[in-house]
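Examination of the molecular architecture
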Amino acid sequence: MTDNTIIIDEQTTWAGGRSPFNVSYGKLMMWLFLLSDTFTFSCLLIGYGAIRFSYGEGWPDPSTVFNHFPFAHGMNLPLLFVSLMTFILIGSSVTMVLAVEAGHRNSKKEVAKYMLYTIVGGIMFLSCQAWEWSQFIGEGASLRENLFGLTEAGKIKAAGLGFAHHYTWIEGVDRMAGPVPFASLFFIVTGFHGFHVFSGVVLNIIIYINTIKGTYERRGHYEMVEKVGLYWHFVDLVWVFVFTFYYLI
Amino acid sequence: MSNAHNNNATENEYIPETYIPHSENHGTKEIWQKFWILLVITIMDFIVYFIKVSPDFKIYKNIFFIIFGIIKAYFIVGTFMHLKNEKTNLIMTVLVPIVFILWFITWMMYEGHALSTY
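Now for a look at the structure at hand. (Residues numbered from 1 in each chain as written. Chains lettered and ligands numbered in written order. Predicted model: local features only at pLDDT ≥ 70, side-chain atom pairs only at ≥ 80, totals over all residues. Heavy atoms only, no water.)

The next point concerns the overall build of chain B. A tally of regular secondary structure across chain B gives 5 helices and 0 strands. Order of helices (α) and strands (β) in chain B, N terminus to C terminus: α-α-α-α-α. Going through the 118 residues of chain B one by one, you find that 33% of them count as buried. Put simply, of all contacts in chain B between residues at least 6 apart along the chain, 48% involve residues at least 24 apart. Within the structure as shown, chain B displays about 7,900 Å² of accessible surface, and the carbon and sulfur contribution to it stands at 69%. (Helix = DSSP H or I, 4+ residues; strand = E, 2+ residues; numbered from the N terminus. Buried < 20%, exposed > 50% of the residue type's maximum accessible area, 1.4 Å probe, protein only. Contact = heavy atoms within 4.5 Å. Areas by Shrake-Rupley, 256 points an atom, 1.4 Å probe, with all protein chains shown as cover.)

What follows is the structure in structure tokens.
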């Protein structure tokens, strides 16, 4: 605030009557909510890391599991589909920030346009995730079951240490049943993130309808777009780490 | 709008719940610049993933992925979420509690051995 004529001294900064962080109440609360959500997601990802390392070589290689792409049957295409999902989410994040920028200029038409793009991006991401889930479930994964077994190195190690009795051979399936947390953590982590994306899409639709109806034009500012934008970028941010820890590492 | 921008408002006029600070418009140039950076980083992730390394060197690949993840996070939080242009107090309020997460990661990696199933 370059034209701020009030002299702020330390003793009265927090005495009320002004905004010490120079952000609105709603935006500050959104930041604090996102911080708490960061802790929730960190718990899930750290739990995932600890369980994964506790299995050592016994953990399936994600590139041998998530190697499908729509309309490409029987081809081994690891990481391609999930990279596409990342592109979609980053792209929708960019359209969101463009909507915020348009809001600063009070351009109702542009805000509505970019909000619509963001909603489309979010729905595309959710559709991709639904496809990925249905593939994985179709291969016998559930919260209590995982047919993706040990790696070759893991089998040798398992035989050497005599822990193969931890795993049961399933008739008719040419694999040793693998660690159950591989599937259950996948569903919980990506499911929790997907639920956030779904909530974000619902919020975006509400903002879009309000923009078209001219609610923010009458209010004189588009701050609601910024607040929901913060949430949407957070969802994108979480996906960056889910992508890194679940698919890349 | 007038309520939001009137810096000389007396305390009686000030309503914290509806106070909207004046937001500056930085244009779309920086947004697109960061978008291309994020795109290139994701493509580099994709390329590095397919570089075959011996199991001993896989840890360096993982460190590379984590560093790239943090760089992506910096651009998303800094530019897209506009945290870079906020007051230092707000930046610290958001970032300092992350120390607990770092501690949690270190702790769980240390304790992870005890969770080993074999």
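What follows covers the overall build of chain A. Along its length, chain A carries 9 helices and 0 strands. Going residue by residue from the N terminus, the α and β elements of chain A occur as α-α-α-α-α-α-α-α-α. Looking at chain A residue by residue over its 249 residues, the buried ones come to 54%. Look at the contacts in chain A between residues 6 or more apart in sequence, and 77% of them connect residues 24 or more apart. Working note: accessible area of chain A is about 11,200 Å², and carbon and sulfur atoms make up 65% of it.

Moving on, we get to unusual backbone geometry. Phi at asparagine 106 of chain A is positive, roughly 55°, even though this residue is not glycine. By the element assignment, asparagine 106 of chain A lies in the loop between helix H4 (80-104) and helix H5 (108-138). Exposure remark for asparagine 106 of chain A: the relative accessible area of 36% places this residue in the partly exposed category. Phi is positive for histidine 82 of chain B, which is not a glycine, with a value near 70°. Mapped onto the elements of the fold, histidine 82 of chain B is located in the loop between helix H3 (58-80) and helix H4 (88-95).

Take the pattern of salt bridges next. Tallied over the entire structure, the rule returns 9 salt bridges over all chains. The salt bridge partner of lysine 34 of chain B is glutamate 30 of chain B, with a shortest N-O separation of 3.7 Å. With lysine 34 of chain B and glutamate 30 of chain B both in helix H2 (residues 29-49), this residue pair falls 4 residues apart, about one helical turn. Classification of lysine 34 of chain B as buried rests on a relative accessible area of 7%. The exposure class assigned to glutamate 30 of chain B is partly exposed, which follows from its relative accessible area of 28%. In the salt-bridge network here, residues are joined through shared partners; they are Lys27 and Glu226 of chain A together with Glu86 of chain B. (Salt bridge = Lys/Arg side-chain N within 4 Å of Asp/Glu carboxyl O.)

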